[in-house]
Amino acid sequence: MTGLISTAFGVIYSIMAYMLPDATIGNPMEPKIFPLMLGSGTTICGILLTVIEGRKKQAVKETKKANGLSHDSKLIIYTCFVTLVYALLFERIGYVLSTIIFMNAMLFALNGKEKWKTNLIVAAAFSIGVYVIFLKLLAIPLPMMPILEI
């Protein structure tokens, strides 16, 4: 897509550069030379980018066919499942705990299990921080944990 946009921009720029007025003194094409070079260069780079993007898309399609579900597809399915569990737990166990579980699960999928400590700290800090902001600063109550009343 970027290659096609660059190509179109280069062509339009070149046409507009060619429509510039001729010089009244000296070489009549002189004021058009640099803009035409710039437009031609942009057009050529756009065409090359389009070809490169096409090759990459073809390689990705072949890889997806060979591997079955891609990593992105698995991540989308995982995200849908985790979000469904989050929605089911939200009212039952409260905002803080359900959000910690949700964020931890999502960070696990993105960062891996090696960074479990960081994932847990980020999930807990975010959940508690947002809860305090909503409850204390905005006076908007979120579902509380039934056991601890927070």
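First things first, this report covers the structure right here in the doc. Sequence order sets the numbering: in each chain, residues are counted from 1 along the sequence as written. Given that the model is predicted, a residue must reach a pLDDT of at least 70 before its local features are reported, and side-chain atom pairs must reach 80 or more before they are shown or counted; all residues, however, enter totals for whole chains, interfaces and linings. By convention in this description, side-chain values take in all heavy atoms of the structure and omit both hydrogens and water.

1. A few points about the overall build of the protein chain
Then, in step 1: When helices and strands are tallied, the protein chain shows five helices and zero strands.
Then, in step 2: Element order for the protein chain, N to C, with α for helix and β for strand: α-α-α-α-α.
Then, in step 3: Burial analysis of the protein chain (150 residues in total) assigns 23% to the buried set.
Then, in step 4: Surface summary for the protein chain: the accessible area is close to 11000 Å², and the carbon and sulfur share equals 74%. Secondary structure follows DSSP: runs of H or I at least 4 residues long count as helices, runs of E at least 2 residues long count as strands, and numbering of each begins at the N terminus. Accessible area is worked out with a 1.4 Å probe on protein chains only. A residue is then buried under 20% of its type maximum, exposed over 50%, and partly exposed in between. Using a 1.4 Å probe, accessible areas were evaluated by the Shrake-Rupley method; residue-level cover was limited to the displayed protein chains.

2. Considerations on helix H5 (residues 116-137)
Then, in step 1: Between its terminal C-alpha atoms H5 stretches 30 Å, which fits the 32 Å expected from 22 residues at 1.5 Å a residue.
Then, in step 2: Of the residues making up H5, those classed as buried are Asn119, Ala123, Ser127, Val130 and Tyr131. What you see down the axis of H5 is that its buried residues fit within an arc of 100 degrees, all on one side. Facing away from the buried side of H5 by more than 90 degrees, the exposed set consists of Lys117, Ile121, Ala125, Lys136 and Leu137.
Then, in step 3: Structurally, H5 contributes buried residues whose contacts are with helix H4 (95-111). Expected helix span is computed as 1.5 Å times (number of residues minus one). Think of it as the arc spanned by the lines of direction from the helix axis to the C-beta atoms. We call two residues contacting when some pair of their heavy atoms lies within 4.5 Å.

3. Overview of the nonpolar core
Then, in step 1: By size, the foremost hydrophobic cluster in this structure holds 10 residues: Tyr86, Phe90, Tyr95, Val96, Ile100, Met103, Ala123, Val130, Tyr131 and Leu142.
Then, in step 2: Dropping the residues within four chain positions of it, Leu142 is found in contact with Tyr95, Tyr131 and Phe134. We define the nonpolar core as a collection of buried residues of types Ala, Val, Leu, Ile, Met, Phe, Trp, Tyr and Cys that are connected through side-chain atoms lying within 4.5 Å of one another.

4. Here we look at the side chain of Thr99
Then, in step 1: As for its position among the elements, Thr99 is in helix H4.
Then, in step 2: Non-local contacts of Thr99, meaning those with residues more than four positions away in its chain, are made with Tyr86, Phe126 and Ser127.

5. Overview of the environment of Met144
Then, in step 1: Mapped onto the elements of the fold, Met144 is located in the segment after H5.
Then, in step 2: Classification of Met144 as partly exposed rests on a relative accessible area of 39%.
Then, in step 3: Along the chain, Met144 and Ile93 lie 51 residues apart, while their C-alpha atoms are 7.2 Å from each other.

Functional significance is not addressed by these values, which are geometric in nature.
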